[in-house]
Amino acid sequence: MTNDPRKYQRLRESMVKNQIEARGITDPDVLRAMGTVPRHLFVSEALMDQAYADNPLPIGEQQTISQPYIVAHMTQSLALSKDDRVLEIGTGSGYQAAILSEIVFRVYTIETIRTLHMQARKLFDELKYTNIVTRYADGTNGWADESPFDAIIITAGAPGIPEPLVDQLAMGGRMILPVGDRLTQDMVKLYRDEDGIHQSKLGGCRFVKLVGEYGWSGD
Ligand code: SAH
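Report on the accompanying structure. Everything numeric here is computed off the predicted structure, so don't read it as measured data. Along every chain, residues carry numbers that run from 1 in the direction the sequence is written. With pLDDT at 70 or above as the cut-off, local features in this predicted model cover only qualifying residues; side-chain atom pairs require 80 or more to be listed or tallied, and sums for whole chains, interfaces and linings still use all residues. Hydrogens are left out, water is left out, and the side-chain values use all remaining heavy atoms of the structure.

We now examine the overall build of the chain. Under the DSSP-based scheme used, a helix requires at least four consecutive residues in state H or I and a strand at least two consecutive residues in state E, with every element numbered from the N terminus. The secondary structure content of the chain amounts to six helices and nine strands. Throughout, the radius of gyration refers to the C-alpha atoms, and the reference size of a globule is 2.2 Å times the residue count to the power 0.38. The C-alpha atoms of the chain give a radius of gyration of 16 Å, which matches the 17 Å a tight globule of 219 residues would have. Across the chain, the fraction of contacts at a sequence separation of at least 24, relative to all contacts at a separation of at least 6, is 54%. Only the protein chains shown count as cover for residues, and all accessible areas are computed by the Shrake-Rupley method using a 1.4 Å probe. Working note: accessible area of the chain is about 10,300 Å², and carbon and sulfur atoms make up 50% of it. Counting 23 positive and 29 negative side-chain charges, the chain places the averaged centre of each group 6 Å from the other. Whether two residues are in contact is decided by their heavy atoms: any pair within 4.5 Å suffices. Residues scored as charged are limited to Lys and Arg (positive) and Asp and Glu (negative), so that His and the chain ends carry no count. Here the site of a charge means NZ on Lys, CZ on Arg, CG on Asp, or CD on Glu.

This next bit is on helix α2 (residues 28-36). Partly exposed residues are those whose accessible area sits between 20% and 50% of the maximum for their type, while under 20% is buried and over 50% is exposed, using a 1.4 Å probe and protein chains only. For α2, the complete set of buried residues consists of Val30, Leu31, Ala33 and Met34. Projection of α2 onto a plane perpendicular to its axis shows the buried side chains occupying an angular sector of 165 degrees, all on one side. In the core, the buried residues of α2 are packed alongside α1 (5-21), α3 (68-77) and α4 (95-101). Measuring from the backbone nitrogen of Asp29 back to the side-chain oxygen at the start of α2 gives 2.9 Å, which picks out Asp27 as the cap. This arc corresponds to the set of directions leading from the helix axis out to the C-beta atoms. For the purposes of these results, a polar contact is taken to be a pair of N or O atoms within 3.5 Å, where, inside protein, one atom must be able to donate a hydrogen and its partner to accept one; residues adjacent in sequence count only when each atom of the pair is a side-chain atom.

The full set close to the ligand counts 27 residues, and Ser93, Glu111, Asp138, Gly139 and Val211 are the nearest of them. In this structure, Ser93 approaches the ligand through a side-chain N or O atom, which is 2.6 Å from an oxygen atom. Taking Thr155, its side chain carries an N or O atom lying 3.1 Å from a nitrogen atom of the ligand. Out of a free accessible area of 580 Å², the ligand has 99% covered by protein chains. Lining residues are defined by having an atom within 4 Å of a point belonging to a cavity or pocket. Those points lie on a 1 Å grid over the protein atoms alone, cavities being sets where a 1.4 Å probe fits but cannot get out and pockets being open sets with protein on both sides within 12 Å along at least five of seven lines. Just a note on the criterion: a molecule sits in a pocket or cavity if more than half of its atoms are within 2 Å of the grid points. Under a 2 Å grid-point criterion requiring more than half of the atoms, the pocket assigned to the ligand is the largest pocket. Counting residues per element, the ones that place at least two in the shell around the ligand are β2 (63-65), β3 (85-89), α4 and β4 (106-111). Class assignment of the residues belonging to the shell around the ligand gives a composition of eleven nonpolar, twelve polar and four charged. Any residue with a heavy atom lying within 4 Å of a molecule or strand is counted as near it. Each residue is assigned to one of three groups, with Ala, Val, Leu, Ile, Met, Phe, Trp, Tyr, Cys and Pro labelled nonpolar, Asp, Glu, Lys and Arg labelled charged, and all others, Gly among them, labelled polar.

Right, let's get into the packing of aromatic side chains. A pair of Phe, Tyr and Trp rings is counted when the ring centres sit within 6.5 Å of each other, with Trp represented by its six-membered ring. The angle between the planes then sorts it: under 30 degrees is stacked, over 60 is edge-to-face, the rest tilted. In the structure shown here, the tally under the stated rule is five aromatic pairs. Between Tyr108 and Trp143, the ring centres sit 5.4 Å apart and the planes meet at 80 degrees, which makes this aromatic pair edge-to-face. Placement of the pair is Tyr108 in strand β4 and Trp143 in the loop between β5 (132-136) and β6 (149-154), with a sequence separation of 35 residues. On the basis of relative accessible area, Tyr108 is assigned to the buried category, the value being 3%. Seen from their ring centres, Phe124 and Tyr129 are 6.5 Å apart, and the 90 degrees between their planes marks the pair as edge-to-face. Assessed through its relative accessible area of 9%, Tyr129 is described here as buried. Through successive ring pairs, a cluster of aromatic residues spans Tyr108, Trp143 and Phe149.

This part takes up the environment of Ser77. Looking at the secondary structure, you find Ser77 in helix α3. C-alpha separation for the pair Ser77 and Asp27, spaced 50 residues apart in sequence, amounts to 9.4 Å. Beyond its immediate sequence surroundings of up to four residues, Ser77 is in contact with Ile176, Lys189 and Leu202. Within the local environment of Ser77, its side chain forms a polar contact with the backbone oxygen of Met74, the two atoms lying 2.8 Å apart.

Here the focus is the layout of surface pockets. The method is simple in principle: a probe with the dimensions of a water molecule rolls over the atoms, and the space it marks as empty is what remains. In this structure, the largest pocket encloses a volume near 740 Å³. Elements represented by at least two residues in the lining of the largest pocket include exactly β2, α3, β3, α4, β4 and β9 (196-205). The biggest single contributor to the lining of the largest pocket is β2, with three residues. In terms of lining residues, the second largest pocket is bounded by 14 residues, among which Leu41, Phe42, Val43, Gln119 and Leu123 are the most central. Counting residues per element, the lining of the second largest pocket draws most heavily on helix α5 (residues 114-126), which supplies six residues. Grid points are joined across faces, edges and corners, and a volume is the space filled by probe spheres set on the points.

Attention now goes to the packing of α1 against α3. Contact pair α1 / α3: the axes reach a minimum separation of 9 Å and the direction vectors enclose 65 degrees. Comparing the axis directions of α1 and α3 gives the class roughly perpendicular. As α1 packs across α3, the resulting crossing turns out to be right-handed. On α3, the residues that touch Met15, Gln19 and Ile20 of α1 are Pro68, Tyr69 and Ala72. Classifying every residue of the contact of α1 with α3 gives five nonpolar, one polar and no charged. To obtain each axis, a line is fitted to C-alpha atoms, and for helices this fit is confined to the stretch in contact; angles are then taken between N-to-C directions over 0 to 180 degrees. Under this scheme an angle from 65 to 115 degrees is roughly perpendicular, one under 35 degrees roughly parallel, and one over 145 degrees roughly antiparallel; angles in between are oblique. The handedness criterion is simple: a crossing whose near helix is rotated anticlockwise from the far helix by less than a right angle is left-handed, and one whose near helix is rotated clockwise is right-handed.

Here it is in structure tokens:
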């Protein structure tokens, strides 16, 4: 077993082709980002060889890095442009933030578990993701000082749509989040225009819990 970067590049190319493109993701920026970010560096050494498989993986603290297709699907649904400022709730491993950072101007990401926050911050520095700003806090309150955001992505399952986050969405802004009970959720997309907030459902999904003031209680 070697850590040959070419081995991981081959696994990454095959992931993009067989899991992402094959399931209908067409946004060239999303395909490029998924083909660029070294996903294996966002999991523990023991799991590196599984990093490009078609499933989520544990990242410690009972949390998970999402399945590659889910990351691609949520990212594409945000219809991002290169000048966008994006807020992510649930930094976790940092993988989704890294994907966003390849596409947009700046990524703000909040994590509520201190060890995961610190680990991700260190990795962003090592990999020179200089346009990612991190914060250790309850993300359900958003990041008022840096708002409004062109896009907001919540990568944990919420019992409802956190109101502060809707308030921090710019005109023309898009937001995506899983909403449902503790075990299964619907992927919900919100869009703000002159008429107000529009909402649509994109299908079923399964995420770890969003815990916080506008999320689940921590039990
Ligand atoms: N985007 C991550 C996936 C993270 S799993 C990745 O690419 O790896 C969901 C993460 O949301 C967990 O790390 C969890 O601790 C975090 N989380 C849950 N509730 C939160 C809250 N209120 N604010 C910020 N992060 C939260």
